[in-house]
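Okay, here's what each chain looks like letter by letter:
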Amino acid sequence: MIKILVALLVSAVVCFADNWSSNSEWNAPKDSVQTVPTEKDSSKTSAVKEEPKWGKSGFFLHGGLLDIGLGTKIHLSDQNGVYLTADLRWQGFIYTQYIRIPLLVYMGGNNGHFVIGTTLLNARSEGDATLEVALGFNVDFGRHCGIDILVFSPLDYPIYDPSVILDFRYVF
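Below you will find a few notes about this structure.

Cut-offs applied
- Residues numbered from 1 in each chain as written.
- Predicted model: local features only at pLDDT ≥ 70, side-chain atom pairs only at ≥ 80, totals over all residues.
- Heavy atoms only, no water.
- Pairing = 2+ DSSP bridges.
- Helix = DSSP H or I, 4+ residues; strand = E, 2+ residues; numbered from the N terminus.
- Axes fitted to C-alpha atoms, helices over the stretch in contact; angles between N-to-C directions.
- Polar contact = N/O pair within 3.5 Å; in protein donor to acceptor, adjacent residues only side chain to side chain.
- Contact = heavy atoms within 4.5 Å.
- Phe/Tyr/Trp six-rings, centres within 6.5 Å; stacked < 30°, edge-to-face > 60°.
- Buried < 20%, exposed > 50% of the residue type's maximum accessible area, 1.4 Å probe, protein only.

## Some words on the sheet that holds strand β7 (residues 112-124)
Part 1 of the argument: Ordered in space as β3-β4-β5-β6-β7-β8-β9-β10, the 8 strands form a closed barrel in which the pairing is antiparallel. Between one strand axis and the next, the sheet turns by 25° as a mean value, whatever way the strands run.
Part 2 of the argument: As judged from the 9 bridges shared by strand β4 (residues 67-75) and strand β5 (residues 82-92), these two strands associate in the antiparallel manner. Among the inter-strand pairings, Leu70 is bridged to a residue of β5, identified as Leu88.

Here's what the structure looks like:
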């Protein structure tokens, strides 16, 4: 448990350092303009707006009908195509409650992503903790909002029902 808390603390420090650093190449200004030579005459140039780069890391809050949590998001590409999340989530049903720390990889374009991952920690109120895999789909609406549909399915015996989660996420 101490290793997991230290990993989350290191992620938090990296996130804050990246967001507050004015010299970071990942924090490009929103209206950056690049000059590109035109096809007909190489001496003339035209201004082309460059797409702003996404921050290297960030924090997010998420919540759904039966769960809430917070975590960190680390981009593995310049844009929003591939990123990794680690978060702490609480999920409650009528009789069972879960505390999970999933490690999820989001792969796709800037908006739609296929999600795959596993749980680093999965504690149930009934006492039996099992390893789970996660599969799902994500849609990001811009830089700050997104929706996740995830299924956490156990790998160990005794097998219990998979958890289906629909979350709204806000990245800051």
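## Here's the deal with the side chain of Glu132
Part 1 of the argument: If you trace the backbone, Glu132 turns up in strand β8 (residues 132-141).
Part 2 of the argument: A polar atom in the side chain of Glu132 sits 2.6 Å from the side chain of Arg100.
Part 3 of the argument: With residues up to four places along the chain from it excluded, the contact list for Glu132 reads Arg100, Gly117, Thr118, Thr119, Asn122, Phe152, Ser153, Pro154 and Tyr160.

## Points about the packing of aromatic side chains
Part 1 of the argument: Taken as a whole, this structure holds 1 aromatic pair when the rule is applied.
Part 2 of the argument: Arranged with centres 4.6 Å apart and planes meeting at 10°, the rings of Tyr83 and Tyr106 form a pair that is stacked. Taken together, the positions of Tyr83 in strand β5 and Tyr106 in strand β6 (residues 97-108) put the pair 23 residues apart, joining distant regions of the chain. As far as burial versus exposure is concerned, Tyr83 and Tyr106 are alike and both buried.

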